[in-house]
Amino acid sequence: MFKILQKKVLHETVTLMKIDAPNIAKKVKPGQFIILRINEKGERIPLTVADFNRESGTITIIFQVVGSTTKLLNELNENDNILDVVGPLGKASKLDDIKKVALIGGGVGCAIAYPIAKYLNGKKAIVHTIVGFRNKSLVILKNEFERVSNKFILTTDDGSCGEKGLVTDALKRLIVDCGENYDEVIAIGPLVMMKFVCKLTKKYNIKTTVSMNPIMIDGTGMCGGCRIIVDGQTRFACVDGPDFDGHKVDFNTAIERNRMYVEHEKREYDKTCNLLKRSNIK
Amino acid sequence: MPNMSLKKTYMPVQNPNERNKNFKEVALGYNEEQAINEANRCLNCKNKPCSLKCPVSINIPAFIEKIKEKKYEEAYNIIKMSSSLPAVCGRVCPQETQCEGGCVRGIKGESVSIGRLERFVADYNNSKNIKNSYNKIKKNGVNVAIVGSGPSGLSCAGELLKNGFSVTIFEALHKAGGVLIYGIPEFRLPKAIVEKEIENLINLGANIEKNVVIGSTITIDELLKQGFKAVFIGSGAGLPKFMNIKGESLNGVYSANEFLTRINLMKANEEDFATPIYKAKNVAVIGGGNVAMDAARCAKRLGAENVYIIYRRSEKEMPARLEEVEHAKQEGIILKTLCNPVEIHGDERFFVKSVECVEMMLSDPDESGRRRPVEKQNTNFKIDVECVITAIGTSPNPLIKNTTPDLNTKSWGGIIIDSSTGLTSKENVYAGGDAVTGSATVILAMQAGKLAAKAIIEKFSLN
């Protein structure tokens, strides 16, 4: 059992939780993830660790309510327990050689981008952060990013906050108009966003790392469900990743594979919502 | 009076057309009368050819004698002296190539059904809830860490506990049992039986830490620093192999590991469990081992109309237990032997549509002693399926190797050990089971766990 020590609603569908998990907190590095299961009948879902504190033995997760499990997770409160949490899983992000980075976060992917920004900033690297959201109400971690970035650009699709446009517009401007030279671009967010960031950086020949988040069960290399194609080879995101060279990832296949259970997920989500509604009426 | 019947006493099984729609155990086991009847077929040979072929050297004629005398608890204790998981082995051991393969009765007629008798004794005792007599063992104060709660780890733990050691078993998943839980389906090995065996170990004093990935959450070196005098690595061979043919990324292609884990561990087949599984009308399973049989029979039980087993050799070379192949065929699984997949085709939605195969023929025997399959030119054909499950083996997980620099492994990942002790290249670190051999059987893993336990006992009991 893993106790929820703090719960903070970042906005309607995105929540932060601080969890008591000393074994994981002792080891976890930026880029690694955990797998959790809420109850005996629950599924196992991977979530990247957004922050950690080795002294207090806590890890922080930030998740968006996208399906039935995240919906149920969001129903839990401070002092409630999560049945199973295992980690840290995956390889840590390779950040130590980076002197100047463009860090791109999309939506809830910003939760994963943030610890990277924090780490690089702590190592005195130059961090240019570009974060993108659909609209103002979905913006998260704005102040946190501003504190650890040398340059910070926020974009929204509808212009309701920051610049109107896509993260790729802002990145292109930094590279082309401002003539910024980056050692590396790190992109974390929806697959489509990462795909287009990579398309852009490939043109300018800038090394780009992406963080993949496919469907998986065990997270230790056992199921092979998280396989993606990198440079024509089958790789397991859970043990070979989750970070990969974005210019080598076959995004189209990854996008299709993430849709494998869409119908089931929708059904489960509706079922959970109905159940919760009924129990709230009682 | 010995029973001179040439045939084994029949063991009742669920009707094939009923059982292929449920996940309940297929083989129902002997009752007392049937067990005694079968026990009476044993000639109690003095040289015990059966025991000689048992990887854990159970005194088989002795426990069968006890069945004849209706002393089932004594029979159980005889088995327990050599095996820590009797109810499991009675069900999943390849008896035909081990104990029963050595049985004198098998020369003319069928061998004594040693597996069924072992199962009877174990089930009888488990149902009577007989407490084991090891509770008063004096602890020697030596802590041993066991990595993985599968058959090798459980067997190693059992031996150590009986000899006064303190044991902590680390399990990466949320449930203990390893392949016995995530791999072998309920209808072949009911999970209640595995849980019972694990409960027995906990009663002996085993401490089980779930949700801990050794090599990540804690490393082997840290375990040794934490005060564990020895470590046994029984982490299995968890990494599924793929065929590396076109179309393996399509939705609807599973490794057998994933397919079986979704069902056995996550209960995706049950309505009120959250984990999804893709239910297809037509399913192809690639491979000819027990895992392939398990996957095919699970697919059938999920409601598939046509389930094909695609195997590149002939039925005779299939590595699966004879009984599993027979059961699969009875349940309507279609064997497509001498046939090899070359590509998986998908539809516009990125889901599997068919599997393209090529016919094979057998040429001269290869190093495994089995005749080598060769492709027949221009014999390609397609089978319409919406799901393809690959059951072509697994290799050891590199997590421990990658985080334990002084642990020597073979190029394919198997941990190198001294075959008489299980000792690895690292002091006080032992290994056994699939982590050493690559995918093999439950009983061989148990043998390896026991062997390492013996070495640990010898080394640390002296001090």
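Conventions and cut-offs
Residues numbered from 1 in each chain as written. Chains lettered and ligands numbered in written order. Predicted model: local features only at pLDDT ≥ 70, side-chain atom pairs only at ≥ 80, totals over all residues. Heavy atoms only, no water. Helix = DSSP H or I, 4+ residues; strand = E, 2+ residues; numbered from the N terminus. Rg over C-alpha atoms; globule rule 2.2 N^0.38 Å. Buried < 20%, exposed > 50% of the residue type's maximum accessible area, 1.4 Å probe, protein only. Areas by Shrake-Rupley, 256 points an atom, 1.4 Å probe, with all protein chains shown as cover. Lys, Arg positive; Asp, Glu negative; His and termini not counted. Charge placed at Lys NZ, Arg CZ, Asp CG, Glu CD. Core = buried A, V, L, I, M, F, W, Y, C linked by side-chain atoms within 4.5 Å. pLDDT = per-residue confidence, 0-100. Pairing = 2+ DSSP bridges. Axes fitted to C-alpha atoms, helices over the stretch in contact; angles between N-to-C directions. Contact = heavy atoms within 4.5 Å. Polar contact = N/O pair within 3.5 Å; in protein donor to acceptor, adjacent residues only side chain to side chain. Buried area = accessible area lost by both parts, 1.4 Å probe. Salt bridge = Lys/Arg side-chain N within 4 Å of Asp/Glu carboxyl O. Domains from an automatic or database assignment. Parallel < 35°, antiparallel > 145°, perpendicular 65-115°, else oblique. Left-handed = near helix turned anticlockwise from the far one by under 90°. Phe/Tyr/Trp six-rings, centres within 6.5 Å; stacked < 30°, edge-to-face > 60°. Lys NZ or Arg CZ within 6 Å of the ring centre and 35° of its normal. Right-handed = clockwise from strand over helix to strand, strands pointing away.

Here we look at the overall build of chain B
- A tally of helices and strands in chain B yields 18 helices and 16 strands.
- Computed over the C-alpha atoms, the radius of gyration of chain B is 23 Å, within 12% of the 23 Å expected from 2.2 N^0.38 for a compact globule of 463 residues.
- Over its C-alpha atoms, taken along the principal directions, chain B stretches across nearly 65 × 60 × 50 Å.
- A total of 463 residues make up chain B; the buried ones form 59% of that total.
- Carbon and sulfur atoms make up 50% of the accessible area of chain B, which totals about 18,900 Å².
- Taking the average location of the 60 positive side-chain charges in chain B and that of its 52 negative ones, the two points are 4 Å from each other.

Describing the nonpolar core
- Among the nonpolar cores identified, the biggest contains 76 residues, and I60, F63, I64, I67, L117, L160 and L180 of chain B are the most heavily contacted of them.
- Considering every element that reaches this core, the biggest residue donor is helix α18 (residues 442-461) of chain B, with nine residues.
- Ranked by size, the runner-up nonpolar core spans 40 residues in total, among them L171, A187 and V249 of chain A together with L239 of chain B.

Quick word on the confidence of the model for chain B
- Averaged over every residue, the pLDDT of chain B is 94; the share at 70 or more is 98%.
- Reported for the predicted complex are a pTM of 0.93 and an ipTM of 0.93.

Describing the sheet that holds strand β7 (residues 282-286) of chain B
All names here are of chain B.
- Taken in spatial order, the five strands make up an open sheet running β6-β14-β7-β8-β9, and their pairing is parallel. Each edge of the open sheet is held by one strand with a lone partner, namely β6 (253-255) and β9 (334-337). Strand after strand, the sheet turns through a mean of 20 degrees between neighbouring axes, direction not considered.
- In this structure, β7 lies alongside strand β8 (residues 306-311), joined through five bridges in parallel fashion. Note that in β8 the partner of A284 across the bridge is Y308.
- Helix α14 (residues 290-301) rests against β7, β8 and β14 (387-390) of the sheet, and its axis sits at about 165 degrees to β8.

Some points on the side chain of E180 of chain A
- Examined against the element boundaries, E180 of chain A turns out to sit in the loop between α5 (167-177) and β12 (184-188).
- For E180 of chain A, the side chain forms a polar contact with the side chain of K100 of chain A, separated by 2.5 Å.

Things to note about the interface of chain A and chain B
- In this assembly, 36 residues from chain A lie in contact with 42 residues from chain B.
- Taking both partners together, chain A and chain B bury about 3,400 Å²; carbon and sulfur atoms supply 55% of that area.
- Sorting the residues of chain A by area buried against chain B places K41, M222 and M260 of chain A first, and these three jointly supply 20% of that buried surface.
- Linking chain A with chain B are three salt bridges.
- When the shortest N-O distance is used, the salt bridge between E222 of chain B and K27 of chain A registers 2.6 Å.
- Connecting chain A to chain B are 20 residue pairs in polar contact (both at pLDDT 80 or more).
- Elements with a contribution of two residues or more to the side of chain A that touches chain B: α1 (22-27), β7 (84-89), β14 (227-230), α8 (251-257) and α9 (262-281) of chain A.

Notes on the domain arrangement of chain B
Residues and elements named next belong to chain B.
- The domain boundaries assigned to chain B delineate domain 1 (16-128), domain 2 (143-237 + 395-462) and domain 3 (242-392).
- Between the C-alpha centres of domain 1 and domain 2 there is a distance of 26 Å.
- Listed per partner, the contact involves 24 residues of domain 1 and 23 residues of domain 2.
- Each partner contributes to the roughly 2,000 Å² buried at the junction of domain 1 and domain 2, and carbon and sulfur atoms together form 67% of this total.
- In terms of surface lost to domain 2, no three residues of domain 1 exceed S84, L85 and V92, which account for 26% of the buried area on that side.
- Linking domain 1 with domain 2 are zero salt bridges, by the criterion used here.

Here we look at the side chain of S211 of chain A
- Inspection of the secondary structure puts S211 of chain A in strand β13 (residues 208-211).
- With relative accessibility at 9%, the residue S211 of chain A sits in the buried group.

Describing the packing of α14 of chain B against helix α15 (residues 322-330) of chain B
Residues and elements named next belong to chain B.
- For the pair α14 and α15, interaxial distance at closest approach is 10 Å and the crossing angle is 25 degrees. Considering their axes alone, α14 and α15 lie roughly parallel with respect to each other. α15 is crossed by α14, and the crossing has left-handed handedness. On the side of α14, the interface is formed by N290, M293 and R297, while α15 contributes E324, V325, H327 and A328.

Considerations on the packing of aromatic side chains
- Inspection of every chain in the model, using the stated rule, returns 10 aromatic pairs over all chains.
- Taking the centre distance of 6.3 Å and the plane angle of 20 degrees together, the rings of F145 of chain A and F152 of chain A count as stacked.
- Cluster of aromatic residues (ring-pair linked, three or more members): Y114, F145 and F152 of chain A.
- The lysine or arginine in question, K128 of chain B, covers the ring of Y124 of chain B, its NZ or CZ lying 4.5 Å from the ring centre.

Describing the pairing of strand β1 (residues 143-147) of chain B
All names here are of chain B.
- The buried fraction of β1 is high, at four of five residues.
- Sheet topology places β1 next to strand β2 (residues 166-170); five bridges connect them, and they run parallel. In the sheet register, N143 faces β2, and the bridge partner there is S166.
- With respect to chirality, the unit in which β1 leads through helix α9 (residues 151-162) into the neighbouring parallel β2 is right-handed.
- Pairing analysis gives four bridges linking β1 to strand β4 (residues 230-233), with the strands arranged parallel.

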